[in-house]
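The residues making up each chain are set out below.
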Amino acid sequence: MLSIAVSLLAGSVVAATPLTPRPWFEFRDYPMKAFEKQWEGVTRFDLLVAPDGKIADCKVTSSSGYEELDKTSCYLATKRVKFHSAKGPDGQPVWGVYRSQTIWALPERYIESPAPPDLEVSVNAFPEGVKQPPAVKLAYVVDQQGNPSSCTTLPSSLPQPDILVELACQALLAQVPRTPVIGPTGQAVPAVKTGAVLFKSDS
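Criteria and cut-off values
Residues numbered from 1 in each chain as written. Predicted model: local features only at pLDDT ≥ 70, side-chain atom pairs only at ≥ 80, totals over all residues. Heavy atoms only, no water. Helix = DSSP H or I, 4+ residues; strand = E, 2+ residues; numbered from the N terminus. Expected span 1.5 Å × (residues − 1). Buried < 20%, exposed > 50% of the residue type's maximum accessible area, 1.4 Å probe, protein only. Contact = heavy atoms within 4.5 Å. Salt bridge = Lys/Arg side-chain N within 4 Å of Asp/Glu carboxyl O. Disulfide = S-S within 2.5 Å. Phe/Tyr/Trp six-rings, centres within 6.5 Å; stacked < 30°, edge-to-face > 60°. Lys NZ or Arg CZ within 6 Å of the ring centre and 35° of its normal.

Trainee: How do you make sense of helix 3 (residues 162–175) when you look at a structure like this?
Mentor: Working note: α-helix, 3.6 residues per turn, so residues spaced by three or four point in the same direction. Over its 14 residues, helix 3 extends 20 Å from the first C-alpha to the last, a length consistent with the 20 Å expected when each residue adds 1.5 Å. Listed as buried for helix 3 are Leu164, Val165, Leu167, Ala168, Cys169, Ala171, Leu172 and Leu173. Buried residues in helix 3 make contact with strand 7 (119–123), strand 8 (135–142), strand 9 (148–153) and strand 12 (191–201).

Trainee: What is the right way to read the pattern of salt bridges from this model?
Mentor: Think of it this way: side chains of opposite charge can pair up when their charged atoms draw near. Enumeration over the complete set of coordinates arrives at 5 salt bridges. The closest approach of N and O atoms between Lys71 and Glu67, which form a salt bridge, is 3.1 Å. Taken as a pair, Lys71 and Glu67 lie in helix 2 (residues 67–80) at a separation of 4 residues, close to a single helical turn. For the pair shown, Lys71 and Glu67 are each scored as exposed.

Trainee: Would you take a moment to explain the side chain of Ser85 for this structure?
Mentor: Mapped onto the elements of the fold, Ser85 is located in the loop between strand 4 (83–84) and strand 5 (86–87). Those residues within four positions of Ser85 in sequence are excluded, and the remaining contacts are Ala15, Ala16, Ala50, Pro51, Gly53 and Pro93.

Trainee: Just to check I follow, could you spell out the state of the cysteines for this structure?
Mentor: A covalent bond between the sulfur atoms of two cysteines is referred to as a disulfide. Counting across every chain of the model gives 2 disulfides. Covalent S-S linkage joins Cys58 and Cys74, the inter-sulfur distance amounting to 2.0 Å. Looking down the S-S bond of the Cys58 and Cys74 bridge, the torsion is -70 degrees, so its handedness is left-handed. Of this pair, Cys58 sits in strand 3 (residues 55–62) while Cys74 sits in helix 2, and the two are 16 residues apart along the sequence. Using a relative accessible area of 17% as the deciding quantity, one classes Cys58 as buried. Here Cys151 engages in a disulfide with Cys169; their sulfurs sit 2.3 Å apart. One disulfide, between Cys151 and Cys169, carries an S-S torsion of -75 degrees and so falls in the left-handed class.

Trainee: Would you mind showing me how to read the packing of aromatic side chains here?
Mentor: By convention here, two paired aromatic rings are described through the distance between centres and the angle between planes. In the structure shown here, the tally under the stated rule is 8 aromatic pairs. An angle of 70 degrees between the planes, with centres 5.3 Å apart, marks the rings of Tyr30 and Trp104 as edge-to-face. Of the two residues, Tyr30 sits in the loop between strand 1 (17–18) and helix 1 (32–36) while Trp104 sits in strand 6 (residues 93–104), which places them 74 residues apart along the sequence. Given a relative accessible area of 9%, Tyr30 falls into the buried group. Taking relative accessible area as the criterion, Trp104 reaches 3% and is therefore assigned buried. The structure contains a cluster of three or more aromatic residues connected by ring pairs, namely Phe27, Tyr30, Phe35 and Trp104. Positioned over the ring face of Trp24 is Arg22, at 3.9 Å from the centre of the ring.

What follows is the structure, given as structure tokens:
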């Protein structure tokens, strides 16, 4: 397996965490026009969480195909959901980006739409003790230029072997797009983002 160049001990970070229990959306939230026209789809969105835990913005990252469903997703999320703020390597509250989705489906139908991983990484073989699916969910810091650092596993991630976790961090920090987080004033801000790495075995 690849040599490891990243240490998990170099400043752990904490992602923005919802205080509001799920589900955040109910069938009664379906816009009447969308229901009458039988519009369905999945809206994926990013919530920008301020250092005080309040939602500062919502950005649709993958459309359901219908603007009304997308707008309703963001409107309801920003009105209903409250957060614990993200924390940087020094333990202080910082901006955070929380990713979520709304599945808009009529009662007699079911749409299964798991969020895709940010990266897929091939290894020669899985280490002993790997859990299925062989994925690692991570939190990491981006600076005002979008450069990532300080990778930490999310509490919701399966307990994978240390070597797989460190390899996931190495791959994510090396390959994630250098995209700055834009605050509500239009200026780039340091923030904690999250990502998921899925491993595949060549054997």
